[in-house]
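# What the coordinates show
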Amino acid sequence: MTHDDDLRFLRRTIELADEAVATGNHPFGSVLVDASGDVIGEGGNEFTIDRGPGHAETNLARRAARGLPLKVLRGATLYTSVEPCMMCAGTIYWAEIGSVVYGMTEKRLAELTEGDDQNPTGDLDCRTVFASGRNTTTVRGPFPELEADIVAQHAAFWNH
């Protein structure tokens with residue numbers, strides 16, 4: 001994928017995060033793209049259903065692992081507006097999705113959500129989680145050109 005492709009898919013994750021908020025959920029969205037650049041899945045946060053574990057990346061990775069061949073998963077890229085947390089990174093790893101692209105770091109999210117009981121953001125970056133396993137998961141991110149949009153989205157939501 002090109003840098004422009006990454007930006008396009010990341011912008012879609014921001015739209016999905018807005019859609020999640022509109023349904024009473026947290027502002028997170030994810031897109032799964034196959035090796036040829038076709039969207040093969042999308043998802044948003046489902047806090048209203050699953051509470052804390054209802055993260056967009058985990059939901060999407062689970063659905064993908066249930067329905068897609070391993071060859072497709074290994075060639076796929078999961079896009080997400082915010083860096084996957086340790087739970088999401090673990091699920092992505094076990095689903096054997098080959099690449100992850102994120103817009104804003106989890107550390108930045110932690111700054112924005114500090115003190116909010118609904119988001120006890122951890123301090124373990126996804127690259128460390130992926131590097132601890134035997135499979136290879138490539139990671140691209142953050143994308144500074146999108147951070148202001150993502151920050152605004154989260155600043156408007158958390159601690160309100």
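Residues numbered from 1 in each chain as written. Predicted model: local features only at pLDDT ≥ 70, side-chain atom pairs only at ≥ 80, totals over all residues. Heavy atoms only, no water.

## Points about helix H3 (residues 56-67)
Spanning twelve residues, H3 covers 17 Å between terminal C-alpha atoms, matching the ideal 16 Å at 1.5 Å per step. For H3, the complete set of buried residues consists of Ala56, Glu57, Thr58, Asn59, Leu60, Ala61 and Ala64. If you follow the buried residues of H3, they end up packed against strand S1 (29-33), strand S2 (39-44), helix H2 (47-50), helix H4 (70-75), strand S3 (77-82) and helix H5 (86-95). (Helix = DSSP H or I, 4+ residues; strand = E, 2+ residues; numbered from the N terminus. Expected span 1.5 Å × (residues − 1). Buried < 20%, exposed > 50% of the residue type's maximum accessible area, 1.4 Å probe, protein only. Contact = heavy atoms within 4.5 Å.)

## Comments concerning the packing of helix H6 (residues 106-113) against helix H8 (residues 144-157)
Between H6 and H8, whose axes approach to 10 Å, the crossing angle comes to 30°. As H6 runs across H8, the sense of the crossing is right-handed. Residue-level contacts link Arg108, Leu109 and Leu112 of H6 to Glu147, Val151 and His154 of H8. Here the residues of the contact of H6 with H8 are counted per class, giving three nonpolar, one polar and two charged. (Axes fitted to C-alpha atoms, helices over the stretch in contact; angles between N-to-C directions. Left-handed = near helix turned anticlockwise from the far one by under 90°. Nonpolar A, V, L, I, M, F, W, Y, C, P; charged D, E, K, R; others polar.)

## Quick word on H6
Those residues of H6 not exposed but buried are Glu106, Leu109, Leu112 and Thr113. Around the axis of H6, the buried residues are gathered within 110° of arc, so they sit on the same side. The outward face of H6, more than 90 degrees from its buried face, is lined by the exposed residues Lys107 and Glu111. Of the surrounding secondary structure, the elements contacted by the buried residues of H6 are S3, strand S4 (99-104) and H8. Directly after H6, the chain includes Gly115, whose backbone phi takes a positive value near 90°. (Arc of directions from axis to C-beta.)

## Here we look at the pattern of salt bridges
All told, the structure shown has nine salt bridges when counted by the stated rule. In this structure, Arg8 and Asp5 form a salt bridge, with 3.1 Å as the shortest nitrogen-oxygen distance. Of the two residues, Arg8 and Asp5 both sit in helix H1 (residues 3-22), three residues apart, roughly one turn of that helix. When its relative accessible area of 46% is taken as the criterion, Arg8 is described as partly exposed. A cluster of three or more residues bridged by salt bridges with shared partners is formed by Arg12, Glu15, Glu19 and Glu42. (Salt bridge = Lys/Arg side-chain N within 4 Å of Asp/Glu carboxyl O.)

These results come straight from atomic positions and should not be treated as a statement about function.
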